[in-house]
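Coordinate analysis (summary)
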Amino acid sequence: MFSSNKGPNYSKIPINDYDSDSDSDDDFIQKEIKSQRAQFKKQDEGLEMLSMSADRLGKLSLGISEELDQQNRMLDNMEDDLDKAADNLDFVTLRTRELIKKSGGKKNCLIIVGLTLVVILLIFLIIYT
């Protein structure tokens with residue numbers, strides 16, 4: 001279908017056939033070309049600004065991502081420390097309960113609290129009399 005290797009066959013348009021309207025047409029065409037070039041230039045400037053904004057947003061998002069990764073590691077470490085502290089607290093609570101049971105239970109604790117209150121009352125009476 002397109003087996004011919006020859007380029008397109010254009011005929012030259014004679015310059016003398018133009019009248020005064022052709023000069024105004026040329027002016028119009030030149031104005032349109034200038035207008036299109038100005039629009040292209042504005043679009044290129046806009047695209048350049050958009051590209052710079054996209055680069056800034058990309059760098060900003062990478063910074064945020066790195067910050068979030070660091071904070072996630074910190075939260076994981078804090079969670080591990082909290083788990084260790086909770087385990088230690090459970091161990092101490094269990095040992096305290098065992099100690100209270102061995103020493104006579106709640107009865108002895110109540111006696112200690114009562115005697116402490118009596119001592120505080122006596123100190124208060126000595127100071128104010």
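Residues numbered from 1 in each chain as written. Predicted model: local features only at pLDDT ≥ 70, side-chain atom pairs only at ≥ 80, totals over all residues. Heavy atoms only, no water.

We now examine the overall build of the chain. When helices and strands are tallied, the chain shows two helices and zero strands. Expressed as a percentage of its 129 residues, the buried residues of the chain come to 2%. Counting only carbon and sulfur atoms, one obtains 61% of the accessible surface of the chain, whose full area is about 12,900 Å². (Helix = DSSP H or I, 4+ residues; strand = E, 2+ residues; numbered from the N terminus. Buried < 20%, exposed > 50% of the residue type's maximum accessible area, 1.4 Å probe, protein only. Areas by Shrake-Rupley, 256 points an atom, 1.4 Å probe, with all protein chains shown as cover.)

Across all of its chains, the model carries one aromatic pair by this definition. Ring geometry for Phe124 against Tyr128: centres 4.8 Å apart, planes inclined by 55 degrees, an arrangement best described as tilted. Linking Phe124 with Tyr128, this pair stays in helix 2 (residues 106-128), spanning four residues, or about one helical turn. With a relative accessible area of 62%, Tyr128 lands in the exposed category. (Phe/Tyr/Trp six-rings, centres within 6.5 Å; stacked < 30°, edge-to-face > 60°.)

On the surface, a nonpolar cluster with roughly 920 Å² of combined accessible area is contributed by Val118, Val119, Leu121, Leu122, Ile123, Phe124, Leu125, Ile127 and Tyr128. Along the chain, Leu125 turns up in helix 2. According to the relative accessible area criterion, Leu125 is partly exposed, its value standing at 44%. (Patch = residues over 30% accessible without salt bridge, like charges linked within 9 Å, V, L, I, M, F, W, Y side chains within 5 Å. Salt bridge = Lys/Arg side-chain N within 4 Å of Asp/Glu carboxyl O.)

Our focus in this paragraph is the pattern of salt bridges. Evaluated as defined, the whole model comprises one salt bridge. Between Arg95 and Glu98 there is a salt bridge, with the nearest N and O atoms lying 3.8 Å from each other. Pair noted here: Arg95 and Glu98 are both in helix 1 (residues 20-102), with a separation of three residues, about one helical turn. Among the residues examined, Arg95 registers a relative accessible area of 49% and is labelled partly exposed. With a relative accessible area of 34%, Glu98 lands in the partly exposed category.

Shape descriptors only; they carry no functional weight alone.
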